[in-house]
Amino acid sequence: MRLLFTLIFGLSLAFAPAGSVLAQEPEATTIEEVVVLARRSGAPMWTVTRGDSTLILVGAITGIPRDLSWRPDDLEAAAARSQLILTPQAARASFSDVLRVIWRIRTITRMPGGQTSADYLTPGWQARLEAVMADERNQNWREKSLLILGFDLMQDKAGYTGRRGGDTAEDVIRRAARRARVETRPVGTVRGDELVESLVSAPQSAHVPCVEAAIAAAELGPDAARQRAEAWRRLRVPEVIASPIDRALNQCWPWGDPGIAPQLHQQWAAAIETALISPGVTMGVAPIRLLAEPDGVLDRLEARGFEVVGPEWRPEREAERPDTAVE
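Reading guide: rules and limits
Residues numbered from 1 in each chain as written. Predicted model: local features only at pLDDT ≥ 70, side-chain atom pairs only at ≥ 80, totals over all residues. Heavy atoms only, no water. Phe/Tyr/Trp six-rings, centres within 6.5 Å; stacked < 30°, edge-to-face > 60°. Helix = DSSP H or I, 4+ residues; strand = E, 2+ residues; numbered from the N terminus. Buried < 20%, exposed > 50% of the residue type's maximum accessible area, 1.4 Å probe, protein only. Lys NZ or Arg CZ within 6 Å of the ring centre and 35° of its normal. Patch = residues over 30% accessible without salt bridge, like charges linked within 9 Å, V, L, I, M, F, W, Y side chains within 5 Å. Areas by Shrake-Rupley, 256 points an atom, 1.4 Å probe, with all protein chains shown as cover. Salt bridge = Lys/Arg side-chain N within 4 Å of Asp/Glu carboxyl O. Disulfide = S-S within 2.5 Å.

Asks: Now, about the packing of aromatic side chains: what can you tell me, with residues and values included?
Replies: Evaluation of the coordinates by the stated rule reveals one aromatic pair. With a centroid separation of 5.0 Å and an interplanar angle of 75 degrees, the aromatic rings of Trp70 and Trp232 are classed as edge-to-face. Residue Trp70 is found in the loop between β2 (53-60) and α3 (73-80), and its partner Trp232 is found in helix α11 (residues 224-233); the two are separated by 162 residues along the sequence. You'll find Trp70 and Trp232 in the same group, each marked buried. Stacked on the ring of Trp125, the Lys or Arg Arg128 has its end atom at 4.1 Å from the ring centre. Cation over ring: Arg314 sits above Trp313, and NZ or CZ is 3.9 Å from the ring centre.

See the structure below:
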């Protein structure tokens, strides 16, 4: 149940609670300083300027180990000098949505009709799953829904902690915004009934890519999540995007859901367009894959002729640049 409600309200993967504080009147002389701070921050950040509009995009991840340190100072300073901060989508769930989840809990968490993972995975993938789960005494995992099994593999085998890990870029930015009284605003909302419907109605076969990606992450062992976080803190963006953990999160609900994922992408696209015509500095805290994946936000901005300043996000170019490690 804990994992299920985490999924529904998006606390560990996709959504963040909506929060806002009062905005201060911007100081026109601080824009260049904010841009410089963004370029040298301890989190992957990119700046795009159009006339008197500056957009700072922060590539965020969840699941940072608590004992992994990274430099948030410049990120905090840039957030405090922004005029608006855009945060991930907020889930709007009603009491009736929660009741529906409780009513359909078995549909969401268990296989239908006594089926097992072997009924959906190819023999090769099932064999890899059996090898990953070989030390499990309890065999109930065989009858878990593929969605829940996928998240269990990431958490229990690959070391992914979600929101239970250390401070993320979003955590740091929200605190800095509260202190500086900068307005924060989610880029959009997703209705709870749509989230629940996607969980209840999706066939098990729809979650096969999620489980396969999670198996690949689990095969790396409990250090898989740490390796991803290390790449993130060192600004090695292509390594983050290529990590099995990041691939799995992109394949699993909600980012892998054909009904929910397009909404998430469209809302971010609309928010970015608005920021590029709004005077002052707008900061957006978005999932790093949304920004840096092939044909993602950064690729599209560059294709339109914008200069995107920040760490390299394409593997072929990243190999040509000097090490940008952040200790």
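Asks: Can you break down a nonpolar patch on the surface residue by residue, with the values?
Replies: Taken together, the side chains of Phe95, Leu99 and Ile102 make up a nonpolar region of the molecular surface, amounting to roughly 330 Å² of accessible area. A residue is classified by how much of its surface remains accessible, and Phe95, at 63% relative accessible area, is exposed.

Asks: For the state of the cysteines, give the residues involved together with the corresponding values.
Replies: Under the defined criterion, the tally for this structure stands at one disulfide. In this model, Cys210 is linked to Cys252 through a disulfide, with the two sulfur atoms separated by 1.8 Å. Across the S-S bond linking Cys210 and Cys252, the dihedral sits near 90 degrees, which makes this disulfide right-handed. Of the two residues, Cys210 sits in helix α10 (residues 208-219) while Cys252 sits in the loop between α13 (244-251) and α14 (261-275), which places them 42 residues apart along the sequence.

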